[in-house]
Amino acid sequence: MTHAEFLARARQALSDAGFHPDFSPEIMRETTASPKLAADSRDLRKLLWSSIDNENSRDLDQVEYVEMISPGCTRLLVGVADVDAIVPLGSATDQHAAAETTSVYAGTVIFPMLPDALSTDRTSLLPDQDRAAIVIEMHIRDTGEVACHDVYPATLRNHAKLAYRSTGAWLEGRGPMPAPIANVPGMEAQLRLQLETSKKLRQLRREQGALVFNSTEATPIIENGELKTLAFAEQNAAQDIIESFMVAANVSMAQHLKEHNSVSIRRVVKTPKRWDRIQVLAKQYGTKLPNTPDPRALSEFLEQRKAADLLHFPDLSLAIVKMLGPGEYVVEPVGREHEGHFGLAVRDYAHSTAPNRRYVDLVTQRLLKAVIADAPAPYLEQQLADVAKHCTEREDAAKKVERLMSKVIAANLLSHQVGQTFDGLVTGASDKGTYVRLLKFPAEGKVIRGAQGLDVGDKTTVRLVGVDVNRGFIDFERK
């Protein structure tokens, strides 16, 4: 399959799922509008802000900065692109984003929620550019606890655009210092302090029962217009930094809105319905989990398995993730508490750090600005409920497109291996069928023969009996 064929297939999948990836002339005209900057914006351009993302990413939503402010206390700032400054509520661009709700990452191509002129330029926190931002400030104790937080508008400048792979390798002593770090005085010390701060946050999260998973990310490699192979990258220290800071910022944002009596949209992951199957899976490794779903007990089990068998831990992670169930967006009115985020073991969590890519983050940004201005919320509660429901539905649709295109890629690369045998892990077992993910290649397919008795988390051996590249079908039989 050529890259052009893959692009055409991805656009068809997007259309079939109800997405509209093209932008109207009116939207394109709005991309040149002047931003509406906050009058009380703080000038933080001289701070050593940096970003870490994928190598080729240009839709940069988040930057970070840390400094020691007293013995045992670190000041952490997370800067988030002020997308609302350029995409006002009710504009044509806003209406399009509200309908799409998310960027879709379909293998070799990205279908952005906002036009490239915005998402990869004017609202992106690109290096050496002055940008409007919302800053989430947290004071972190040595215990990893957030002593206090604040949120406010600011102008900032990204001084180093960094990539996960090279920065992670350097932080872990496996590679050279990336040039953007070496070229900025003080940036090396800044990144090392960011790493130490993230370790404190991660340690507290583990103690509180946050679930720690390992996964490998597969990136399609295109050569001369042809899909050739997949490159693999595992979680590293650079990703740990961004994940830790993102979680801390989203928790602080949710708490800030609650403290100021603002309605909000929360991200929740409910108590897993398949806890009994998680218990069975843990028992296979000699661990007895309590009868009542307990994130701390599950976290301890995962930590033990990671230490005992790091090589196969991603397989166990995948099985557990499948049984936890999906997240969803819900409205939390003033004075009411919703179920929290089981996987993160937190009560308050609001997506806020990716307004270029997720509409709910842009909505949260507008709710925050109303709090700062001491003004009424720009949405009625029912409007927010409709937004939350639609964002959840569109997120699920986007994930299905992304999974389909991953299967198209995998089917294409496996098309010459029909008849071969593979070790795999059962990732789905229901009336719709039994599905197995291969352990040494990122492909998932349906077991069309011999699936009896298999359940999520079981390891099995399968033979590839056929593929349909266009539909992303991969068919196995149990050996």
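Let me begin by describing the structure that accompanies this report.

Cut-offs applied
- Residues numbered from 1 in each chain as written.
- Predicted model: local features only at pLDDT ≥ 70, side-chain atom pairs only at ≥ 80, totals over all residues.
- Heavy atoms only, no water.
- Phe/Tyr/Trp six-rings, centres within 6.5 Å; stacked < 30°, edge-to-face > 60°.
- Helix = DSSP H or I, 4+ residues; strand = E, 2+ residues; numbered from the N terminus.
- Buried < 20%, exposed > 50% of the residue type's maximum accessible area, 1.4 Å probe, protein only.
- Contact = heavy atoms within 4.5 Å.
- Salt bridge = Lys/Arg side-chain N within 4 Å of Asp/Glu carboxyl O.

### Describing the packing of aromatic side chains
Part 1 of the reasoning: Per the stated rule, a full pass over the model turns up two aromatic pairs.
Part 2 of the reasoning: Arranged with centres 6.2 Å apart and planes meeting at 50°, the rings of Trp-49 and Tyr-65 form a pair that is tilted. Taken together, the residues Trp-49 in strand S2 (residues 49-53) and Tyr-65 in strand S3 (residues 62-70) connect sequence positions 16 residues apart.
Part 3 of the reasoning: Residues Tyr-285 and Phe-301 carry aromatic rings whose centres are separated by 6.1 Å and whose planes lie at 55° to one another, so their mutual orientation is tilted. Highlighted residues: Tyr-285 in the loop between helix H9 (275-283) and helix H10 (295-308) and Phe-301 in helix H10, separated in sequence by 16 residues.
Part 4 of the reasoning: A residue is classified by how much of its surface remains accessible, and Phe-301, at 1% relative accessible area, is buried.

### Here we look at the environment of Lys-228
Part 1 of the reasoning: Inspection of the secondary structure assignment puts Lys-228 in strand S10 (residues 226-234).
Part 2 of the reasoning: Looking at Lys-228, the relative accessible area reads 46%, which means it is partly exposed.
Part 3 of the reasoning: For Lys-228 and Thr-2, which are 226 residues apart along the polypeptide, the C-alpha to C-alpha distance reads 9.4 Å.
Part 4 of the reasoning: Ignoring any residue separated from it by four or fewer positions in sequence, one finds Lys-228 in contact with Ile-221, Glu-223 and Leu-413.

### Some details on the pattern of salt bridges
Part 1 of the reasoning: Taken as a whole and judged by the stated rule, the model has 38 salt bridges.
Part 2 of the reasoning: Measuring nitrogen to oxygen at the nearest pair gives 2.9 Å for the salt bridge that ties Asp-22 to Arg-11. A residue pair is termed long-range when its members are at least 10 positions apart, and Asp-22 in the loop between helix H1 (3-16) and helix H2 (25-30) and Arg-11 in helix H1 qualify at 11 residues.
Part 3 of the reasoning: For Arg-11, a relative accessible area of 33% corresponds to the partly exposed category.
Part 4 of the reasoning: Asp-59 is the salt-bridge partner of Arg-357, the closest N and O atoms lying 3.8 Å from each other. Of this pair, Arg-357 sits in the loop between strand S12 (328-332) and helix H12 (359-372) while Asp-59 sits in the loop between S2 and S3; the two residues are 298 residues apart in sequence, bridging distant segments of the chain. The exposure classification of Arg-357 matches that of Asp-59, with both residues buried.

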